[in-house]
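The residues making up each chain are set out below.
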Amino acid sequence: AAGVIQSPRHLIKEKRETATLKCYPIPRHDTVYWYQQGPGQDPQFLISFYEKMQSDKGSIPDRFSAQQFSDYHSELNMSSLELGDSALYFCASSLVLAGLVTDTQYFGPGTRLTVL
Amino acid sequence: LAKTTQPISMDSYEGQEVNITCSHNNIATNDYITWYQQFPSQGPRFIIQGYKTKVTNEVASLFIPADRKSSTLSLPRVSLSDTAVYYCLSPPELDTGRRALTFGSGTRLQVQP
């Protein structure tokens, strides 16, 4: 079965540079989520999109922005990178079905961002 | 959303049954309980979800007593490959417009040979 695809898998950047992470959700899934997981920490929600509109916002820094495109893929743009941005960035997708109380999120393999 | 509390770590041996208990004293009437598994450097993976009584799938069982203030994830006959962090979560209801999963401190399960 198709899974969530993230690219790149690894990224090394210098401080103050920019980075763009891409996420391709499972086909027909309508919701995309972004999570950040620092070393030794638990995943923290950043932002989500439902049908290409921002649906929920968490602890996403103002230096970060994201969007979901017409083909449902999403990009997380990160500017003025700081050392503390070094983390695993996970994308997840889900399909909101009528009648469901909650949805199940399917996570991608993550992008490991290292800021030097 | 229910605030969940679970043990920081557990140790087991191959072939044993592992039970991880999660406390959620302030669980609301409509809250579900969901468990995710995460291997090192991989994304979390959905294991099981329940509302009350018992739910079983090919991976695990979830027991939620009548008062719903706690739940127990049961992993039958664990193997070394079950070594992972297990998160007990209360996902948001879709009709609230919320989407975020709130990951607290999970339980780090170490399975020994």
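Keep in mind it's a predicted model, so treat the numbers as computed, not measured.

Novice: How should the interface of chain B and chain A be read in this particular structure?
Specialist: Often, the extent of an interface is quoted as the loss of accessible area on bringing the components together. Taken together, the contact pairs 24 residues of chain B with 25 residues of chain A. In total, chain B and chain A occlude about 1,900 Å² of area from one another, counting both sides; carbon and sulfur atoms represent 54% of this. Taken as a group, Leu94, Arg99 and Phe103 of chain B account for 34% of the area that chain B buries against chain A, more than any other trio of residues on that side. The interface formed by chain B and chain A contains zero salt bridges.

Novice: I would appreciate a short explanation of the sheet that holds strand E3 (residues 33–38) of chain B in the present structure.
Specialist: Consider a sheet: its strands pair through backbone hydrogen bonds, and that pairing is either parallel or antiparallel. All names here are of chain B. With mixed pairing, the five strands of this open sheet are ordered in space as E1-E9-E8-E3-E4. The two strands at the open ends of the sheet, each matched to only one other strand, are strand E1 (9–13) and strand E4 (45–50). Each strand axis lies, on average, 25° off the axis of its neighbour in the sheet, ignoring direction. The pairing of E1 with strand E9 (residues 107–112) spans five bridges and is parallel. From the neighbouring strand, Ser12 faces E9, where its bridge partner is Val111.

Novice: Hey, could you run me through the state of the cysteines in this one?
Specialist: Formally, a disulfide is one covalent bond, and it connects the sulfur atom of one cysteine to the sulfur atom of another. Applying the stated criterion to the full structure yields two disulfides over all chains. Between Cys23 of chain A and Cys91 of chain A runs a disulfide, and the two sulfur atoms are separated by 1.7 Å. Where Cys23 of chain A bonds to Cys91 of chain A through sulfur, the torsion about that S-S bond is close to -55°, and the disulfide is left-handed. Taken together, the positions of Cys23 of chain A in strand E3 (residues 19–24) and Cys91 of chain A in strand E9 (residues 87–94) put the pair 68 residues apart, joining distant regions of the chain. Each member of the pair, Cys23 of chain A together with Cys91 of chain A, is buried. Covalently, Cys22 of chain B is tied to Cys88 of chain B through a disulfide, its sulfur atoms 2.1 Å apart. Given an S-S torsion of about -80°, the disulfide between Cys22 of chain B and Cys88 of chain B has left-handed geometry. Within this pair, whereas Cys22 of chain B is found in strand E2 (residues 18–23), its partner Cys88 of chain B is found in strand E8 (residues 84–89), the two being separated by 66 residues in sequence. Accessibility classification places Cys22 of chain B together with Cys88 of chain B in one group, the buried group.

Cut-offs used in this document
Residues numbered from 1 in each chain as written. Chains lettered and ligands numbered in written order. Predicted model: local features only at pLDDT ≥ 70, side-chain atom pairs only at ≥ 80, totals over all residues. Heavy atoms only, no water. Contact = heavy atoms within 4.5 Å. Buried area = accessible area lost by both parts, 1.4 Å probe. Salt bridge = Lys/Arg side-chain N within 4 Å of Asp/Glu carboxyl O. Pairing = 2+ DSSP bridges. Helix = DSSP H or I, 4+ residues; strand = E, 2+ residues; numbered from the N terminus. Axes fitted to C-alpha atoms, helices over the stretch in contact; angles between N-to-C directions. Disulfide = S-S within 2.5 Å. Buried < 20%, exposed > 50% of the residue type's maximum accessible area, 1.4 Å probe, protein only.

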